[in-house]
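Breakdown of the fold
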Amino acid sequence: MTLSDLSIKNPVFAWMLMAGLIVFGWIGFSSMGVSMLPDVDFPVVTVNVTLEGAAPEVMETEVADIIEDAVMSVQGVREVSSSSRLGSAMVTVEFELNRNIDVALQEVQSKIAQAQKNLPREIDPPIVTKTNPEDQPILWLGLSGDRPLKDLMEYTHGFLKDQFTSVAGVGDVFLGGYIDPNLRVWLDARKMDERQLTVDDVIAAISQQHAEQPAGYIDTGKHELNVRVMGEAASPEEFSKIVIAGRAGAPIWRTFRIGDVATVEDGLADVRRISRNGGKPAVGLGIRKQRGSNAVAVAQAVKKKVAEIQKILPQGLRLRPVNDTTRFIEESTHELNFTLVLSALLTGLVCWAFLGSWSSTLNVLLAIPTSIVGSFLILYFMGFTLNTFTLLGLSLAIGIVVDDAIMMLENIVRYHEQGLSRVRASLVGAREITFPAMAASIAILAIFVPVVFMKGIVGKFFFQFGVTMSVAVLLSLIEALTLTPMRCSQFLDSGRSTWVGRRREGLLDKITESYRGLLARCLDHRWKVIGAALGVFLLSLGLIKVIKKEFVPAQDQSMLLVRVQTPLGSSIDFTDSVMKKAEAWALQEPNIKDYYAAIGGFGGGEVNTAIMFITMKPFKERVPLPGMRRAPTQQEYIPYVRSKIVSNPGVMRGIVQDLSLAGFTSQRGFPVEFSIRGPDWDQLAGFGERIMKEMSDSGSMTDVDTDYKLGMPEVRVQPDRAKAAMRGVSIQSIGN
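Quick notes on the rules
Residues numbered from 1 in each chain as written. Predicted model: local features only at pLDDT ≥ 70, side-chain atom pairs only at ≥ 80, totals over all residues. Heavy atoms only, no water. Helix = DSSP H or I, 4+ residues; strand = E, 2+ residues; numbered from the N terminus. Rg over C-alpha atoms; globule rule 2.2 N^0.38 Å. Buried < 20%, exposed > 50% of the residue type's maximum accessible area, 1.4 Å probe, protein only. Contact = heavy atoms within 4.5 Å. Areas by Shrake-Rupley, 256 points an atom, 1.4 Å probe, with all protein chains shown as cover. Lys, Arg positive; Asp, Glu negative; His and termini not counted. Charge placed at Lys NZ, Arg CZ, Asp CG, Glu CD. Phe/Tyr/Trp six-rings, centres within 6.5 Å; stacked < 30°, edge-to-face > 60°. Lys NZ or Arg CZ within 6 Å of the ring centre and 35° of its normal. Pairing = 2+ DSSP bridges. Axes fitted to C-alpha atoms, helices over the stretch in contact; angles between N-to-C directions. Salt bridge = Lys/Arg side-chain N within 4 Å of Asp/Glu carboxyl O. Patch = residues over 30% accessible without salt bridge, like charges linked within 9 Å, V, L, I, M, F, W, Y side chains within 5 Å. Parallel < 35°, antiparallel > 145°, perpendicular 65-115°, else oblique. Left-handed = near helix turned anticlockwise from the far one by under 90°. Nonpolar A, V, L, I, M, F, W, Y, C, P; charged D, E, K, R; others polar. Core = buried A, V, L, I, M, F, W, Y, C linked by side-chain atoms within 4.5 Å.

Across its full length, the chain carries 23 helices and 19 strands. By the compact-globule yardstick of 27 Å for 736 residues, the chain is too spread out, its C-alpha radius of gyration being 35 Å. For the chain, buried positions account for 42% of its 736 residues. Restricting the contact set of the chain to residue pairs at least 6 apart, pairs at least 24 apart contribute 75%. Here the chain has roughly 40400 Å² of accessible surface; of this, 59% comes from carbon and sulfur atoms. Each charge class in the chain was averaged separately, 75 positive and 78 negative side chains, and the resulting centres sit 6 Å apart.

Below, the structure is given as structure tokens:
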């Protein structure tokens, strides 16, 4: 007994199979996450290390080199590179594609822990992360206002961050432009000199007397008491009363307090990053979603929380989304869902036009939800999300999944028109077509199954596409072998007796006669036909060299990222003044909806750089640029933005990046990156400048940049060791 016989003789079983696939598939669809891209871990591990105030040369020799040597012994390492700048270093470890990145991450952490003894004691703990486009913030919120900067920081860290961290699906909240609160001690050199005190004396007093040490417990026999030494000062006034008990480690007979030689205030850390939104000071909150969660649902929940918080915001503060990547995800998902429905309707219309029967058309159409919706159940259990690749696969599968059903239906109709009953025609027709249907499905699988086993980063992204197509085709085969014959045995109408059927038959007869004549002429000139086909094939191969190639096409998502660099050695204030001019242009530009500027970067430290997220207005609301008669696309708007940014005085380099390519670019976000290697830094710098100049002069490249920057001004202190020794001053004290 074949599968078709089983279904025809047990129609209730077949109907329940169909209902089960659709119902549980819909449950899987409702539970799947939504994202722009598949959850793909790149075979790259990044180690970030900070050492406040250390020169790039120090970070390279004392930090980066040691970490590089430590991780080189990890299995599967393909390449190790590092980048050092003032106060920080980043080591990037690239592994082979077949390496389990989670295991590699743990091994890298273990190797760094072993090398910790060789690193400077003052460094912050190294941060080891893996690269995944899905780990980028899906939504940026901006808190801005006219309140003091300290109030913004305290409100953000003490209230806002916790509010959004507790939203379902939120994995982390990254604070951009945030400055830590600090208790600042402003020393008075004259007063310290009068009392013969040094900075080390004050630091020693703070470290010894502003501390809460574990003090154990007291056992009285009947009771046990915890002991706490309340040594930490709770306010600036109390901190000012800390006694400076020693001078150069020796006791002092007089009582000096910190308030005698310094002013203590509750303030912020050194301003190494500045953020603004709408021309006002701001703090950015980057919302990262949890792995596999629905990006659109998470963003909507966060926006709902924003609406709730806006009702209780302190006077003068404003909280709003400034960069929403999920808007395009939502639009793309809706568009793909609409395409799925439209494809099903058009498939049904074409089937009706050729079959001429509503019952036959319905029979074919029922194969679509069974195969497509049923596929969501498998995709859900495989941990996939509704993303561009899975929905693309399902859109393509709609035209494929009906093939087996049409093949099965056509053979059954043929036997029914010969006089067999519906049940008998279904039994005979289904048995004949079982192996041809399997052969057709296997031929299609032969195309898409290899996609599942593609290598490289492209293979990681197309893995979900290949699985989606393969699952849909397999379910369509099961549907054609079981459900289609059962439905034919229940209701079947050939449609030849209707006016649509008669007109269709007449049209097909004419097409058949034309095809027969054309086929005869081709067979009479078979070698010419073969030669023409071979010529077209070879010509198509030659076009491969001419066709432009790229990983993914740029899309109009109405989002841009502007990077501004001022001359090396520029202060944060100078870079800030340059960015204010760019912001003034953005505020009055009619095609810009909103922006968020971060001077010094989100993490701070790069005081001669700034970035600005630009959100453009929807295409229908844009106005034409000078010299254009229509609204510009995002790609047409990029050169215009670049020209406006670069024209500002003080801008050394202005770069505009297309955020629609995020996740498909090199490490620094550019479509093309390459490295120049050699033993001599000076020669490398010269080669780099020459290559950059030739690339810029070629006219084919824009936004040419390098991460190797020379010319940072520095003040060098040459200690006089003899004089320092005479005065009991150590080199460490001079450097402190």
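Now, onward.
Looking now at the packing of aromatic side chains. Per the counting criterion, the structure on display carries 14 aromatic pairs. Seen in terms of ring centroids, tyrosine 155 and phenylalanine 159 are 5.2 Å apart; in terms of plane orientation they differ by 35 degrees. Their pairing is tilted. You can see tyrosine 155 and its partner phenylalanine 159 sitting in helix H5 (residues 149-165), 4 residues apart, about one turn around the helix. On the accessibility criterion, phenylalanine 159 (25% relative accessible area) is partly exposed. Here the aromatic rings of tryptophan 585 and tyrosine 640 are separated by 6.3 Å at their centres, their planes lie at 55 degrees, and the arrangement is tilted. With a gap of 55 residues between them, tryptophan 585 in helix H19 (residues 572-588) and tyrosine 640 in helix H20 (residues 634-646) connect regions that are remote in the sequence. Comparing tryptophan 585 with tyrosine 640, the two get one shared label, buried. Looking at arginine 414, its charged tip hangs above the ring of tyrosine 415, at a distance of 4.7 Å from the centre.

Bringing unusual backbone geometry into the picture now. Comment: phi is negative for the bulk of residues other than glycine, and the bulk of peptide bonds are trans. Of note in the backbone geometry, glutamine 196 takes a positive phi value of approximately 55 degrees without being a glycine. Residue class for glutamine 196 comes out exposed when judged on its relative accessible area of 58%. Positive phi, normally seen in glycine, also occurs at serine 558, with a value near 60 degrees. On the secondary structure map, serine 558 appears in the loop between helix H18 (526-542) and strand S16 (559-565). Note on serine 558: relative accessible area 5%, which makes it buried.

What follows concerns the sheet that holds strand S3 (residues 88-95). Taken in spatial order, the 4 strands line up as S2-S3-S1-S4 in an open sheet, and their pairing is antiparallel. Strands with a single pairing partner mark the edges of an open sheet, and in this sheet they are strand S2 (77-85) and strand S4 (127-130). With direction set aside, neighbouring strand axes in the sheet form an average angle of 15 degrees. As paired elements, strand S1 (residues 44-50) and S4 share 4 bridges and run antiparallel to each other. When the sheet's bridge partners are listed, valine 45 is paired in S4 with lysine 130. On top of the sheet, helix H3 (residues 56-71) reaches S1, S2 and S3; it is set at about 165 degrees to S2, its chief contact. Sheet contacts for helix H4 (residues 101-115): S1, S3 and S4; angle to S4, the most-contacted strand, approximately 165 degrees.

Moving on, we get to the pattern of salt bridges. All told, the structure shown has 26 salt bridges when counted by the stated rule. The salt bridge involving glutamate 79 is made with arginine 677; its shortest N-O contact spans 2.6 Å. Residue glutamate 79 is found in strand S2, and its partner arginine 677 is found in the loop between strand S19 (653-658) and helix H21 (681-697); the two are separated by 598 residues along the sequence. Between glutamate 479 and arginine 487 there is a salt bridge; the shortest N-O distance is 2.4 Å.

A word on the pairing of strand S5 (residues 139-145). For S5, the buried fraction is high: 7 of the 7 residues fall into the buried class. Neither face of S5 is open: one carries Leu139, Leu141, Leu143 and Gly145, the other Trp140, Gly142 and Ser144, and all of them are buried. The pairing of S5 with strand S14 (residues 280-289) spans 6 bridges and is classified as antiparallel. Bridge pairing links glycine 142 to glycine 284 in S14. Sheet topology places S5 next to strand S15 (residues 317-324); 7 bridges connect them, and they run antiparallel. Each residue of the ladder has a partner; that of leucine 141, found in S15, is proline 321.

It is worth spelling out a nonpolar patch on the surface at this point. A surface patch of nonpolar side chains, amounting to about 480 Å² of accessible area, comprises Leu534, Phe537, Leu538, Leu541 and Ile544. Mapped onto the elements, leucine 534 comes out in helix H18. The exposure class of leucine 534 is partly exposed, given its relative accessible area of 49%.

In helix packing, the relevant descriptors are the interaxial angle and the interaxial distance, both defined with respect to the helix axes. Look at helix H14 (residues 388-417) against helix H16 (residues 456-490): their axes get within 8 Å of each other, and the N-to-C directions meet at 25 degrees. Here H14 lies roughly parallel to H16, going by the angle between them. The interaxial crossing formed by H14 with H16 has right-handed handedness. In terms of residue class, the contact of H14 with H16 is built from 22 nonpolar, 6 polar and 2 charged.

Here we take up the nonpolar core. Grouped together as the largest cluster of nonpolar side chains are 86 residues, with contacts concentrated most on Leu141, Phe164, Val302 and Leu319. For valine 302, the contacting residues outside a window of four places in its chain are Leu139, Leu141, Phe164, Val167, Val170 and Ile287. One finds Met579, Trp585, Ile592 and Ile614 within the second-largest nonpolar core, a separate group that totals 27 residues.

With that out of the way, let us pick up the environment of aspartate 260. Examined against the element boundaries, aspartate 260 turns out to sit in helix H9 (residues 258-261). Not counting residues up to four positions away in its chain, the partners in contact with aspartate 260 are Lys191, Arg195 and Thr255.

On to the pairing of strand S9 (residues 224-228), then. S9 sits mainly on the outside: 0 of its 5 residues count as buried. In this structure, strand S8 (residues 214-219) lies alongside S9, joined through 4 bridges in antiparallel fashion. Looking at S9, one finds that tyrosine 217 is bridged to asparagine 226. From the end of S8 to the start of S9, which pair antiparallel, there are 4 residues, and glycine 221 there has a positive phi angle of about 100 degrees.

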